[in-house]
Amino acid sequence: MVDELWNDLRRVREEAPLVHNITNFVVMNNTANALLAVGALPVMAHAVEEVAEMTALAGALVINIGTLAREWIEAMATAMATARERGIPIVFDPVGAGATTFRTQTCFDLLGRVAPAVIRGNASEIMALAGSAVRTKGVDSSAAADAAEDAALLLARRYSCAVVVSGAVDLLVDGKRKFLVRNGHPLMPKVTGLGCTATALVGAFCAVNGDSLTAARHAMTVMGICGELAAAKAAGPGSMQVHFIDALYNLDAEQLRAHGLDPR
Ligand SMILES: Nc1ncnc2c1ncn2[C@@H]1O[C@H](COP(=O)(O)OP(=O)(O)OP(=O)(O)O)[C@@H](O)[C@H]1O
Ligand SMILES: Cc1ncsc1CCO
Ligand SMILES: [Mg+2]
(Lines give C-alpha, C1' and ligand atoms only; values in the text may rest on other atoms or scores of the structure.)
(Ligands and ions follow the chains in the order given, each with its own letter.)
Protein backbone atom coordinates (compact mmCIF):
# COMPACT_ATOMS: atom_id res chain seq x y z
CA MET A 1 0.00 0.00 0.00
CA VAL A 2 2.89 2.38 0.66
CA ASP A 3 4.03 2.17 -2.99
CA GLU A 4 0.53 2.72 -4.33
CA LEU A 5 0.08 5.66 -1.99
CA TRP A 6 3.42 7.13 -3.03
CA ASN A 7 2.45 6.75 -6.70
CA ASP A 8 -0.78 8.65 -6.14
CA LEU A 9 0.99 11.39 -4.18
CA ARG A 10 3.55 11.75 -6.98
CA ARG A 11 0.75 11.97 -9.52
CA VAL A 12 -0.96 14.72 -7.52
CA ARG A 13 2.33 16.61 -7.36
CA GLU A 14 3.08 16.10 -11.08
CA GLU A 15 -0.39 16.67 -12.49
CA ALA A 16 -1.53 19.34 -10.01
CA PRO A 17 -5.25 18.60 -10.54
CA LEU A 18 -7.64 21.51 -10.15
CA VAL A 19 -9.95 20.87 -7.20
CA HIS A 20 -13.13 22.94 -7.29
CA ASN A 21 -14.42 23.56 -3.76
CA ILE A 22 -17.82 24.87 -2.79
CA THR A 23 -17.00 25.00 0.89
CA ASN A 24 -17.53 26.94 4.09
CA PHE A 25 -16.21 30.36 5.12
CA VAL A 26 -14.41 28.94 8.17
CA VAL A 27 -12.03 26.71 6.23
CA MET A 28 -11.62 28.24 2.77
CA ASN A 29 -8.10 29.45 3.52
CA ASN A 30 -6.89 26.30 5.38
CA THR A 31 -8.31 24.09 2.67
CA ALA A 32 -6.73 26.04 -0.18
CA ASN A 33 -3.36 25.98 1.58
CA ALA A 34 -3.58 22.25 2.29
CA LEU A 35 -4.42 21.52 -1.38
CA LEU A 36 -1.51 23.64 -2.55
CA ALA A 37 0.83 21.97 -0.05
CA VAL A 38 -0.08 18.48 -1.23
CA GLY A 39 0.50 19.57 -4.84
CA ALA A 40 -3.03 20.18 -6.14
CA LEU A 41 -4.54 23.46 -7.36
CA PRO A 42 -7.46 24.77 -5.31
CA VAL A 43 -10.23 27.04 -6.45
CA MET A 44 -13.13 28.21 -4.32
CA ALA A 45 -16.16 29.32 -6.34
CA HIS A 46 -19.80 29.26 -5.33
CA ALA A 47 -21.66 31.77 -7.52
CA VAL A 48 -24.44 30.01 -9.38
CA GLU A 49 -23.46 32.02 -12.48
CA GLU A 50 -20.06 30.31 -12.75
CA VAL A 51 -20.01 26.95 -10.99
CA ALA A 52 -20.85 24.83 -14.04
CA GLU A 53 -18.00 26.38 -16.01
CA MET A 54 -15.58 26.02 -13.11
CA THR A 55 -16.47 22.40 -12.35
CA ALA A 56 -15.95 21.54 -16.02
CA LEU A 57 -12.28 22.56 -15.65
CA ALA A 58 -11.69 20.50 -12.51
CA GLY A 59 -10.27 17.08 -11.72
CA ALA A 60 -12.57 16.80 -8.69
CA LEU A 61 -15.48 18.66 -7.10
CA VAL A 62 -15.68 19.06 -3.31
CA ILE A 63 -19.06 19.99 -1.82
CA ASN A 64 -19.03 21.05 1.85
CA ILE A 65 -22.18 22.38 3.56
CA GLY A 66 -20.39 23.90 6.58
CA THR A 67 -21.82 27.42 6.33
CA LEU A 68 -24.81 26.60 4.20
CA ALA A 69 -27.24 29.26 3.00
CA ARG A 70 -30.23 28.79 0.72
CA GLU A 71 -28.57 30.59 -2.21
CA TRP A 72 -25.74 28.06 -2.24
CA ILE A 73 -27.89 24.97 -2.65
CA GLU A 74 -28.67 25.65 -6.32
CA ALA A 75 -24.98 26.28 -7.02
CA MET A 76 -24.08 22.98 -5.34
CA ALA A 77 -26.73 21.09 -7.32
CA THR A 78 -25.59 22.69 -10.60
CA ALA A 79 -21.93 21.91 -9.94
CA MET A 80 -22.81 18.32 -9.00
CA ALA A 81 -24.88 17.87 -12.17
CA THR A 82 -21.98 19.16 -14.29
CA ALA A 83 -19.57 16.81 -12.53
CA ARG A 84 -21.87 13.85 -13.19
CA GLU A 85 -22.22 14.73 -16.90
CA ARG A 86 -18.46 14.91 -17.29
CA GLY A 87 -17.45 12.00 -15.08
CA ILE A 88 -15.68 14.26 -12.57
CA PRO A 89 -15.54 12.69 -9.08
CA ILE A 90 -17.57 14.43 -6.36
CA VAL A 91 -16.59 14.33 -2.70
CA PHE A 92 -19.33 15.37 -0.28
CA ASP A 93 -18.84 16.64 3.29
CA PRO A 94 -22.11 16.77 5.27
CA VAL A 95 -20.78 19.22 7.91
CA GLY A 96 -23.20 19.45 10.82
CA ALA A 97 -25.73 16.97 9.41
CA GLY A 98 -27.83 15.88 12.37
CA ALA A 99 -27.43 19.24 14.15
CA THR A 100 -30.20 21.06 12.26
CA THR A 101 -33.00 19.93 9.97
CA PHE A 102 -31.83 22.37 7.27
CA ARG A 103 -28.43 20.68 7.02
CA THR A 104 -29.72 17.12 7.15
CA GLN A 105 -32.51 17.79 4.64
CA THR A 106 -30.19 19.62 2.23
CA CYS A 107 -27.84 16.63 2.25
CA PHE A 108 -30.75 14.33 1.37
CA ASP A 109 -31.88 16.67 -1.43
CA LEU A 110 -28.40 17.04 -2.99
CA LEU A 111 -27.34 13.41 -2.62
CA GLY A 112 -30.73 12.26 -3.91
CA ARG A 113 -30.17 14.17 -7.15
CA VAL A 114 -26.53 13.20 -7.84
CA ALA A 115 -24.64 10.49 -5.97
CA PRO A 116 -21.02 11.36 -5.09
CA ALA A 117 -17.91 9.22 -5.40
CA VAL A 118 -17.16 9.66 -1.69
CA ILE A 119 -19.00 10.92 1.38
CA ARG A 120 -16.58 11.99 4.17
CA GLY A 121 -17.93 12.96 7.57
CA ASN A 122 -17.48 12.37 11.27
CA ALA A 123 -19.45 9.63 13.01
CA SER A 124 -22.46 11.74 14.03
CA GLU A 125 -22.83 13.20 10.55
CA ILE A 126 -22.72 9.78 8.89
CA MET A 127 -25.16 8.35 11.44
CA ALA A 128 -27.53 11.27 10.92
CA LEU A 129 -27.56 10.69 7.14
CA ALA A 130 -28.33 7.03 7.75
CA GLY A 131 -31.37 8.07 9.77
CA SER A 132 -30.18 7.33 13.29
CA ALA A 133 -31.37 9.60 16.09
CA VAL A 134 -27.84 10.75 17.08
CA ARG A 135 -27.42 14.51 17.50
CA THR A 136 -24.36 16.24 16.00
CA LYS A 137 -22.95 18.78 18.46
CA GLY A 138 -22.66 21.81 16.15
CA VAL A 139 -20.10 20.46 13.71
CA ASP A 140 -18.40 18.04 16.13
CA SER A 141 -19.06 14.34 16.46
CA SER A 142 -20.67 12.85 19.53
CA ALA A 143 -19.66 9.29 18.60
CA ALA A 144 -16.59 7.28 17.60
CA ALA A 145 -16.11 6.15 13.99
CA ASP A 146 -16.65 2.45 14.71
CA ALA A 147 -20.13 3.24 16.07
CA ALA A 148 -20.99 4.45 12.57
CA GLU A 149 -20.05 1.29 10.65
CA ASP A 150 -23.63 0.17 9.97
CA ALA A 151 -24.56 3.71 8.98
CA ALA A 152 -21.56 3.97 6.65
CA LEU A 153 -22.49 0.68 4.95
CA LEU A 154 -26.07 1.81 4.54
CA LEU A 155 -24.96 5.06 2.84
CA ALA A 156 -22.41 3.21 0.69
CA ARG A 157 -25.23 1.01 -0.62
CA ARG A 158 -27.83 3.77 -0.89
CA TYR A 159 -25.59 6.01 -3.02
CA SER A 160 -23.21 3.38 -4.48
CA CYS A 161 -20.28 5.36 -3.17
CA ALA A 162 -17.35 5.12 -0.78
CA VAL A 163 -17.92 6.41 2.77
CA VAL A 164 -15.21 7.72 5.08
CA VAL A 165 -15.95 8.14 8.78
CA SER A 166 -13.17 10.16 10.41
CA GLY A 167 -12.15 9.97 14.04
CA ALA A 168 -9.32 8.64 16.21
CA VAL A 169 -9.40 5.62 13.88
CA ASP A 170 -10.88 6.36 10.45
CA LEU A 171 -13.28 3.83 8.97
CA LEU A 172 -13.64 3.49 5.19
CA VAL A 173 -16.18 1.30 3.36
CA ASP A 174 -17.66 0.96 -0.09
CA GLY A 175 -20.05 -1.94 0.34
CA LYS A 176 -17.44 -4.50 -0.70
CA ARG A 177 -14.27 -3.46 1.13
CA LYS A 178 -13.48 -2.01 4.53
CA PHE A 179 -10.30 -0.26 5.67
CA LEU A 180 -9.19 1.31 8.93
CA VAL A 181 -6.66 4.13 9.08
CA ARG A 182 -5.06 4.32 12.50
CA ASN A 183 -2.69 7.20 11.84
CA GLY A 184 -3.45 10.59 13.37
CA HIS A 185 -3.05 12.60 16.58
CA PRO A 186 -5.41 13.97 19.25
CA LEU A 187 -4.32 17.54 18.42
CA MET A 188 -5.98 17.21 14.99
CA PRO A 189 -9.57 17.83 16.14
CA LYS A 190 -8.29 20.91 18.03
CA VAL A 191 -7.59 22.63 14.71
CA THR A 192 -10.81 23.76 13.04
CA GLY A 193 -11.60 22.25 9.72
CA LEU A 194 -9.03 19.48 9.48
CA GLY A 195 -12.01 17.29 8.62
CA CYS A 196 -12.78 19.63 5.74
CA THR A 197 -9.11 19.41 4.74
CA ALA A 198 -9.43 15.62 4.75
CA THR A 199 -12.42 15.89 2.41
CA ALA A 200 -10.51 18.19 0.04
CA LEU A 201 -7.48 15.87 0.00
CA VAL A 202 -9.81 12.96 -0.81
CA GLY A 203 -10.85 15.10 -3.79
CA ALA A 204 -7.23 15.60 -4.88
CA PHE A 205 -6.53 11.85 -4.70
CA CYS A 206 -9.80 11.00 -6.50
CA ALA A 207 -8.60 13.25 -9.34
CA VAL A 208 -5.65 10.90 -9.95
CA ASN A 209 -7.12 7.53 -8.91
CA GLY A 210 -10.46 6.28 -10.25
CA ASP A 211 -10.83 3.76 -7.41
CA SER A 212 -12.59 6.07 -4.96
CA LEU A 213 -12.11 3.95 -1.85
CA THR A 214 -8.39 3.51 -2.50
CA ALA A 215 -8.02 7.22 -3.24
CA ALA A 216 -9.81 8.02 0.03
CA ARG A 217 -7.63 5.58 1.94
CA HIS A 218 -4.52 7.25 0.55
CA ALA A 219 -5.77 10.71 1.43
CA MET A 220 -6.76 9.73 4.98
CA THR A 221 -3.40 8.03 5.52
CA VAL A 222 -1.58 11.15 4.34
CA MET A 223 -3.76 13.20 6.73
CA GLY A 224 -2.94 10.93 9.67
CA ILE A 225 0.79 10.75 9.01
CA CYS A 226 1.06 14.51 8.54
CA GLY A 227 -0.92 14.93 11.77
CA GLU A 228 1.66 12.79 13.58
CA LEU A 229 4.60 14.62 12.00
CA ALA A 230 3.10 18.02 12.79
CA ALA A 231 2.18 17.12 16.37
CA ALA A 232 5.79 16.11 17.06
CA LYS A 233 6.80 19.73 16.38
CA ALA A 234 3.73 21.62 17.62
CA ALA A 235 3.36 23.44 20.94
CA GLY A 236 -0.45 23.53 20.60
CA PRO A 237 -3.23 23.91 18.01
CA GLY A 238 -1.81 27.12 16.50
CA SER A 239 1.57 25.75 15.53
CA MET A 240 -0.09 22.40 14.76
CA GLN A 241 -1.89 24.02 11.85
CA VAL A 242 1.30 25.55 10.47
CA HIS A 243 3.35 22.37 10.90
CA PHE A 244 0.58 20.33 9.30
CA ILE A 245 0.80 22.32 6.06
CA ASP A 246 4.61 22.02 6.08
CA ALA A 247 4.34 18.26 6.69
CA LEU A 248 2.03 17.89 3.67
CA TYR A 249 4.44 19.83 1.49
CA ASN A 250 7.52 17.88 2.62
CA LEU A 251 6.06 14.38 2.95
CA ASP A 252 8.42 11.80 1.45
CA ALA A 253 8.44 8.03 0.89
CA GLU A 254 10.73 7.43 3.86
CA GLN A 255 8.30 9.13 6.24
CA LEU A 256 5.44 7.07 4.83
CA ARG A 257 7.33 3.87 5.63
CA ALA A 258 8.50 5.08 9.04
CA HIS A 259 4.94 5.82 10.12
CA GLY A 260 3.95 2.17 10.07
CA LEU A 261 1.22 1.87 7.50
CA ASP A 262 -1.45 -0.58 8.49
CA PRO A 263 -1.96 -2.95 5.54
CA ARG A 264 -5.49 -4.05 6.61
N1 LIG B 1 -8.61 11.66 18.44
C2 LIG B 1 -7.98 11.62 17.27
N3 LIG B 1 -6.79 10.99 17.15
C4 LIG B 1 -6.16 10.94 15.97
N5 LIG B 1 -6.62 11.50 14.83
C6 LIG B 1 -7.80 12.14 14.88
C7 LIG B 1 -8.55 12.22 16.09
N8 LIG B 1 -9.69 12.91 15.83
C9 LIG B 1 -9.65 13.23 14.54
N10 LIG B 1 -8.52 12.78 13.94
C11 LIG B 1 -8.14 12.99 12.55
O12 LIG B 1 -8.39 14.36 12.27
C13 LIG B 1 -8.90 14.56 10.95
C14 LIG B 1 -10.25 15.28 11.02
O15 LIG B 1 -11.21 14.39 11.51
P16 LIG B 1 -12.46 14.83 12.40
O17 LIG B 1 -13.21 13.57 12.71
O18 LIG B 1 -12.03 15.67 13.52
O19 LIG B 1 -13.27 15.66 11.31
P20 LIG B 1 -14.50 16.65 11.51
O21 LIG B 1 -15.21 16.36 12.79
O22 LIG B 1 -15.28 16.64 10.26
O23 LIG B 1 -13.69 18.03 11.62
P24 LIG B 1 -14.10 19.51 11.15
O25 LIG B 1 -15.60 19.58 11.13
O26 LIG B 1 -13.48 20.41 12.17
O27 LIG B 1 -13.54 19.72 9.80
C28 LIG B 1 -8.97 13.16 10.33
O29 LIG B 1 -7.82 12.98 9.53
C30 LIG B 1 -8.94 12.22 11.54
O31 LIG B 1 -8.33 11.00 11.25
C1 LIG C 1 -16.65 25.49 13.01
C2 LIG C 1 -17.43 25.40 11.77
N3 LIG C 1 -18.72 25.86 11.71
C4 LIG C 1 -19.26 25.68 10.51
S5 LIG C 1 -18.23 24.95 9.39
C6 LIG C 1 -16.98 24.88 10.54
C7 LIG C 1 -15.64 24.32 10.20
C8 LIG C 1 -15.45 22.94 10.64
O9 LIG C 1 -16.31 22.04 10.09
MG1 LIG D 1 -16.52 18.01 9.58
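All of these numbers come straight from a predicted model, not from anything done at the bench.

Procedures and definitions
- Residues numbered from 1 in each chain as written.
- Chains lettered and ligands numbered in written order.
- Predicted model: local features only at pLDDT ≥ 70, side-chain atom pairs only at ≥ 80, totals over all residues.
- Near = placed C-beta within 6 Å.
- Nonpolar A, V, L, I, M, F, W, Y, C, P; charged D, E, K, R; others polar.
- UniProt positions renumbered as here; feature names shortened; annotations may be inferred.
- Helix = DSSP H or I, 4+ residues; strand = E, 2+ residues; numbered from the N terminus.
- Buried ≥ 20, exposed ≤ 12 C-beta atoms within 10 Å, placed from the backbone.
- Contact = placed C-beta atoms within 7 Å.
- Expected span 1.5 Å × (residues − 1).

(A) Highlighting the site of ligand 2. The local shell around ligand 2 consists of N24, V26, V27, G66, T67, V95, V139, T192, G193, G195 and C196. Residues of the shell around ligand 2, tallied by class, amount to 5 nonpolar, 6 polar and no charged.

(B) Inspection of the UniProt feature "binding site: ATP" (unreviewed entry) in the protein chain at higher detail. Cross-referencing UniProt, the feature "binding site: ATP" (unreviewed entry) maps to R120 and S166 in the present numbering. These annotated residues cover 47 residues of sequence, and their C-alpha atoms all fall within 7.3 Å of one another, placing them together at a single site. Relative to the helices and strands, R120 is located in strand β5 (residues 118-122). The exposure class assigned to R120 is buried, which follows from the 31 C-beta atoms found within 10 Å. Other than its neighbours up to four places away in sequence, R120 contacts V91, D93, V164, S166, A198, T199 and V202. By the element assignment, S166 lies in strand β6 (residues 162-166).

(C) Broad picture of the site of ligand 1. Every one of the 24 residues lining ligand 1 counts as a neighbour, but N122, S166, G184, M188 and G195 are closest to it. Secondary-structure elements contributing two or more residues to the shell around ligand 1 are α8 (194-206) and α9 (212-233). Grouping the amino acids of the shell around ligand 1 by side-chain chemistry returns 11 nonpolar, 11 polar and 2 charged.

(D) Expanded view of the environment of V2. Relative to the assigned elements, V2 resides in helix α1 (residues 2-15). Each C-alpha atom of the pair V2 and R257 lies 6.8 Å from the other, and the pair is 255 residues apart in sequence.

(E) Representation of helix α4 (residues 70-86) in the model. Between the first and last C-alpha of α4 there are 26 Å, a value that for 17 residues agrees with the 24 Å anticipated at 1.5 Å per step. Looking at the residues trailing α4, positive phi occurs at G87, about 70°.

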